[in-house]
Amino acid sequence: MPEANFDGLVGPTHSYAGLSYGNIASARNQGATSNPRAAALQGLAKMEAVAELGLVQGVLPPQERPHLPTLRAHGFSGSDAEVLAKVAEADPVLLARVSSASSMWTANAATVMPGSDTRDGRTHFVTANLRAMFHRAIEPPVTARVLSATFADQTRFAIHDALPADSAFDFGDEGAANHTRLTRSAANGGEVCGIHLFAYGRAESAKRVPTRFPARQTLAASMRVAELGQLDLSRCIFAQQNADAIDAGVFHNDVICVGNGNMLFCHEFAFEDRSATHAALREAVGESLIIAEITNDEVGLEDVVKSYLFNSQLLTVADGTMALLCPIECAENPRVRAAIDRVISDHTNPLTRVTFLDVRESMRNGGGPACLRLRVPLTELDLASMNRAVLIDADCLAVLQSWVKTHYRESLSAHDLADPLLLRESRDALDELTRILKLGSIYDFQRA
Ligand code: SUG
């Protein structure tokens, strides 16, 4: 069976706080008013579109935000309302950080290595530590709980905690956003063997590193992830992200490259050493590998980052061809649109169609369609053994849409984050959601 996609549901505190240095959309929209309800409904519409293509689509819940335990650990005390009032006064940036709905971008939840590729035959999830950004570094413990509640059968799935984030190790890990699994054909599920491409931004051995923006993923982390995932290292390729691309706003590799089955769709400046990376991939995957590359003349880095062309989902559909699910911004940019049309009309690759989707609320924070989903190659037995309440069908979709409409606000700005009612609304919503998705008590407020 083809790989499944698990999208992060946008949380009730979705906001624009400009928290991610090096992520241009996040910086540009700092202070804008968000619409959490529209954001969540856009996300659900994307899930529906993928399910309609015949693919298995799941959902992962948002995290509890604002995260009061983090504020208390920072010395704020009193009732929840008092803590919120104090932090709003003393440190509004901290309040924004602990309120971010950033767990929606589940491409950063974990790196997934399916049982067909691992020594013990189990599917391994290594939770990402996300240590580069404070607001994201508080996600991993609950992410691990969510994954454990979703893929609970330990005979089939292994959920690893995040790599240590302290400075004793150079482990900056951003999960699947810097990892691509390729196979010899369009088949991409849990039955077929894969090649694992790990892209990193920084390493001790690197000759050139970005100078303007941070490189979030380190080689040391990628290697440790591959080891924990019990991969055969001869089937792993470690390639450095192009330093100029990171400095142009390509903070994750999935902003400039997407791979699926035997197709890699990428930009000329995806990798620091383009020809060595392509050669290593050809050698590992074999003759059937198709690299559809866009040159910088065709689409420059600025348009890559603005349109999120490569943050599209490249999906294998039932007839064995591939479909590209792009952000609507790609259709609005004539150069990008022309590049997509050119790749589709080139019959030497399996891509035959494109769909444009509106996920603008997420895009304004630098999160496109591919950021919003975690790919999990599953077998039929894996699928049968997992928590099926998180899988999207028409009924589940209707329940989630009405849940969003009941609980989410249509407008949120920075000063709303201190509103104790928002905290209450979010907790009520998440409490109900854990029952809908049969996840048990995953949140701190449910365990207190
Ligand atoms: O980590 N944006 C996220 C976007 C993540 C995109 N993920 C992938 N490319 N896979 C980030 O930079 C912005 C939040 C704010 O500014 O309010 C933010 O966290």
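Residues numbered from 1 in each chain as written. Predicted model: local features only at pLDDT ≥ 70, side-chain atom pairs only at ≥ 80, totals over all residues. Heavy atoms only, no water.

Draft legend 1. Region of interest: helix α10 (residues 274–285). Spanning 12 residues, α10 covers 16 Å between terminal C-alpha atoms, matching the ideal 16 Å at 1.5 Å per step. Those residues of α10 that sit buried are Thr277, His278, Leu281, Ala284 and Val285. Buried residues of α10, viewed axially, fall in a sector of 135 degrees; they line one side. Buried residues along α10 sit in contact with β6 (179–182), β7 (195–200), β8 (236–240), β10 (263–267) and β11 (290–294). Gly286 occupies a position one or two residues after α10 and carries a positive phi of about 110 degrees. (Helix = DSSP H or I, 4+ residues; strand = E, 2+ residues; numbered from the N terminus. Expected span 1.5 Å × (residues − 1). Buried < 20%, exposed > 50% of the residue type's maximum accessible area, 1.4 Å probe, protein only. Arc of directions from axis to C-beta. Contact = heavy atoms within 4.5 Å.)

Draft legend 2. Main features of the sheet that holds strand β5 (residues 157–160). What the three strands build is an open sheet, ordered β3-β4-β5; its pairing is mixed. Looking at strand neighbours, the two that pair on one side only are β3 (110–113) and β5, the edges of this open sheet. Taken pair by pair, the neighbouring strands of this sheet meet at an average axis angle of 15 degrees, ignoring direction. Pairing of β3 with strand β4 (residues 123–127) involves four bridges; the strand directions are antiparallel. Note that in β4 the partner of Met113 across the bridge is His124. Packed onto the sheet, helix α7 (residues 140–150) meets β3, β4 and β5 and runs at close to 160 degrees relative to β4. (Pairing = 2+ DSSP bridges. Axes fitted to C-alpha atoms, helices over the stretch in contact; angles between N-to-C directions.)

Draft legend 3. Structural detail: the pattern of salt bridges. Within this structure, the stated rule accounts for 26 salt bridges. Its salt-bridge partner being Glu302, residue Lys306 comes within 3.0 Å of it at the nearest N-O pair. Of the two residues, Lys306 and Glu302 both sit in helix α11 (residues 301–307), four residues apart, roughly one turn of that helix. Judged by relative accessible area, Glu302 falls into the exposed class, the value being 55%. A salt bridge links Asp341 to Arg337; its shortest N-O distance comes to 3.6 Å. Placement of both Asp341 and Arg337 in helix α13 (residues 334–345) is noted, with a separation of four residues, approximately one turn of the helix. (Salt bridge = Lys/Arg side-chain N within 4 Å of Asp/Glu carboxyl O.)

By themselves, these are just geometric observations and shouldn't be taken as functional.
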